[in-house]
Amino acid sequence: CQATVLLGGQDYVSCSCVLPLLTSLKKHMTVRDDDPGYITRFKAASINDFNERVTGMTSITILQVATALDPRYKFLKCLSEDAKERTWSTIEQQIEVDTHNAHKKTVATAGDGIDNETICEPNEKRIKLMESDSDTENDNNSSDELLRYEIGLKVPESIDPPQWWKRNEHRYPKLSFLDQTNLC
């Protein structure tokens, strides 16, 4: 069964494949007019059971984010328009939280190990940080980065997502950090 192969691999990402696979299964289990009675009953029972299980899933948001961060599925054809918007909002919020936490960590460690008697020239990162006039500049960059990723070209199904993120880390630095924590 292709579903078992798709989800059972150790050499490739599988978490992001779950929702597209479930959508495909639901599509194939849709009752058709030419289905015999026993197939119709089987499909209806299977879909009902399936929907009950998926509705109760607490990890659906994690799967949605993983699917969005997989460049093969980033157009989120497996989600409703409302779910797509929620997923992109969740990712944007995660970027903001990660950026804020990274900033706090930088500020907290900035004073560590500095000899007060020694005057140091500010390094490039500190100068850049001091030149940025507000947090909205970073937020804007995050939104731009997310939008560039969303509207980017579709990648082939055969692409390895972790390798793709490694090659495109310079284009999407904040998203690539999320990728490392959400794709598995």
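In case you missed it, the structure is sitting above this.
Residues numbered from 1 in each chain as written. Predicted model: local features only at pLDDT ≥ 70, side-chain atom pairs only at ≥ 80, totals over all residues. Heavy atoms only, no water.

Overview of the overall build of the protein
Here comes step 1: From N to C terminus, the protein includes 9 helices and 0 strands.
Here comes step 2: Along its sequence from the N terminus, the protein presents helices and strands in the succession α-α-α-α-α-α-α-α-α.
Here comes step 3: By residue count, 29% of the 184 residues in the protein fall in the buried class.
Here comes step 4: When the accessible surface of the protein is summed, it comes to about 12,700 Å², and 54% of that surface belongs to carbon and sulfur atoms. (Helix = DSSP H or I, 4+ residues; strand = E, 2+ residues; numbered from the N terminus. Buried < 20%, exposed > 50% of the residue type's maximum accessible area, 1.4 Å probe, protein only. Areas by Shrake-Rupley, 256 points an atom, 1.4 Å probe, with all protein chains shown as cover.)

Considerations on the side chain of Arg-72
Here comes step 1: Position of Arg-72 relative to the elements: it lies in the loop between helix H4 (60-69) and helix H5 (81-110).
Here comes step 2: Among the residues examined, Arg-72 registers a relative accessible area of 9% and is labelled buried.
Here comes step 3: At a separation of 2.7 Å, a polar atom in the side chain of Arg-72 contacts the side chain of Asp-70. (Polar contact = N/O pair within 3.5 Å; in protein donor to acceptor, adjacent residues only side chain to side chain.)

Section: the nonpolar core
Here comes step 1: Counting 25 residues, the largest nonpolar core has Leu-69, Trp-88, Ile-91, Tyr-149, Trp-164, Trp-165 and Leu-175 as the members making the most contacts within it.
Here comes step 2: Sorting the residues of this core by element identifies helix H2 (18-28), H4, H5, helix H7 (135-151), helix H8 (161-168) and helix H9 (173-182) as the ones contributing at least two each.
Here comes step 3: Ranked by the residues each element gives to this core, the list is headed by H4, at 5 residues. (Core = buried A, V, L, I, M, F, W, Y, C linked by side-chain atoms within 4.5 Å.)

Overview of the packing of aromatic side chains
By convention here, two paired aromatic rings are described through the distance between centres and the angle between planes.
Here comes step 1: Enumeration according to the criterion identifies 7 aromatic pairs in this entry.
Here comes step 2: On the numbers, 6.0 Å between centres and 70 degrees between planes, the contact of Trp-165 with Tyr-172 is edge-to-face.
Here comes step 3: Note on Trp-165: relative accessible area 2%, which makes it buried.
Here comes step 4: Chaining the aromatic ring pairs together yields one cluster made of Trp-88, Tyr-149, Trp-164, Trp-165 and Tyr-172. (Phe/Tyr/Trp six-rings, centres within 6.5 Å; stacked < 30°, edge-to-face > 60°.)

Some details on the packing of H2 against helix H3 (residues 37-55)
Here comes step 1: Running from amino to carboxyl end, H2 crosses H3 at an angle of 155 degrees, the nearest separation of the two axes being 10 Å. By the angle between their directions, the pair H2 and H3 is classed as roughly antiparallel. Two packed elements cross with a definite hand, and for H2 against H3 that hand is left-handed. On the side of H2, the interface is formed by Leu-22, Lys-26 and His-28, while H3 contributes Lys-43, Ile-47, Phe-50, Asn-51 and Val-54.
Here comes step 2: Residue classes in the contact of H2 with H3 are distributed as 4 nonpolar, 2 polar and 2 charged. (Axes fitted to C-alpha atoms, helices over the stretch in contact; angles between N-to-C directions. Parallel < 35°, antiparallel > 145°, perpendicular 65-115°, else oblique. Left-handed = near helix turned anticlockwise from the far one by under 90°. Contact = heavy atoms within 4.5 Å. Nonpolar A, V, L, I, M, F, W, Y, C, P; charged D, E, K, R; others polar.)

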